[in-house]
Amino acid sequence: MIRSELVQQLIDDNPGLTPHDVEAIVTTFFDTIADKLAADGRVELRGFGAFSTRARGARTGRNPRTGEVVEVSAKRVPYFKPGKEMRLRLNCEA
C-alpha cells in the first residue's frame, strides 16, 4: 500500500472527513514519527510495533561500478520491531 492508497482508504472509511483533512492527518502522523526518530526517540504503537533507530559504525565500502574503496561514515538507520499482535496476525495465529 502506498501513501495515496492509505489516504483513499481513510476517506472511504470516514465519509465525514474531507480529503484535505485526511491528507493533513496522515502527513502529521508520518511527520511526527520522523521528527521523534530524528530526535533519537522511540515511537511505540501498541499492537502494531515500535519504531526506533540503530547506530551503524563507520566502515570501508566499495563502489560497485569502479571497485574503488570508499569510506562510509557512521550513521543512524530506522528500525521497526513488530508487536506481538502483528506477528500473530501475520502468522495466522490470531
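The model shown is predicted, which means the values in this text are computed figures rather than measured ones.

## Looking at the overall build of the chain
Moving on, step 1. Counting secondary structure elements, the chain contains three helices and five strands.
Moving on, step 2. In terms of overall dimensions, the chain has C-alpha extents of about 55 × 35 × 30 Å along its principal axes.
Moving on, step 3. The buried share of the chain, reckoned over its 94 residues, is 16%.
Moving on, step 4. About 7,600 Å² of surface is accessible on the chain, with carbon and sulfur atoms providing 54% of the total.

## Things to note about the sheet that holds strand β5 (residues 75–82)
Moving on, step 1. An order of β1-β2-β5 is seen for the three strands of this open sheet, with the pairing classed as antiparallel. Each edge of the sheet is formed by a strand with only one pairing partner; in this case those strands are β1 (43–45) and β5. Strand-to-strand twist across the sheet, computed as the mean angle between neighbouring axes with direction ignored, equals 30 degrees.
Moving on, step 2. Two strands pair when backbone bridges link them, and strand β2 (residues 49–56) and β5 are joined in this way by eight bridges, in the antiparallel orientation. By the bridge assignment for β5, S52 is matched with Y79.

## Side note on the packing of aromatic side chains
Moving on, step 1. By the definition in use, this model includes three aromatic pairs.
Moving on, step 2. Centroid distance F48 to F80: 5.4 Å. Interplanar angle 50 degrees. Geometry classified as tilted. Residue F48 is located in the loop between β1 and β2, and its partner F80 is located in strand β5; the two are separated by 32 residues in the primary sequence.
Moving on, step 3. Looking at F48, the relative accessible area reads 36%, which means it is partly exposed.

Definitions and limits used
- Residues numbered from 1 in each chain as written.
- Predicted model: local features only at pLDDT ≥ 70, side-chain atom pairs only at ≥ 80, totals over all residues.
- Heavy atoms only, no water.
- Helix = DSSP H or I, 4+ residues; strand = E, 2+ residues; numbered from the N terminus.
- Buried < 20%, exposed > 50% of the residue type's maximum accessible area, 1.4 Å probe, protein only.
- Areas by Shrake-Rupley, 256 points an atom, 1.4 Å probe, with all protein chains shown as cover.
- Pairing = 2+ DSSP bridges.
- Axes fitted to C-alpha atoms, helices over the stretch in contact; angles between N-to-C directions.
- Phe/Tyr/Trp six-rings, centres within 6.5 Å; stacked < 30°, edge-to-face > 60°.

Scope: geometric values only; no functional claims are made or implied.
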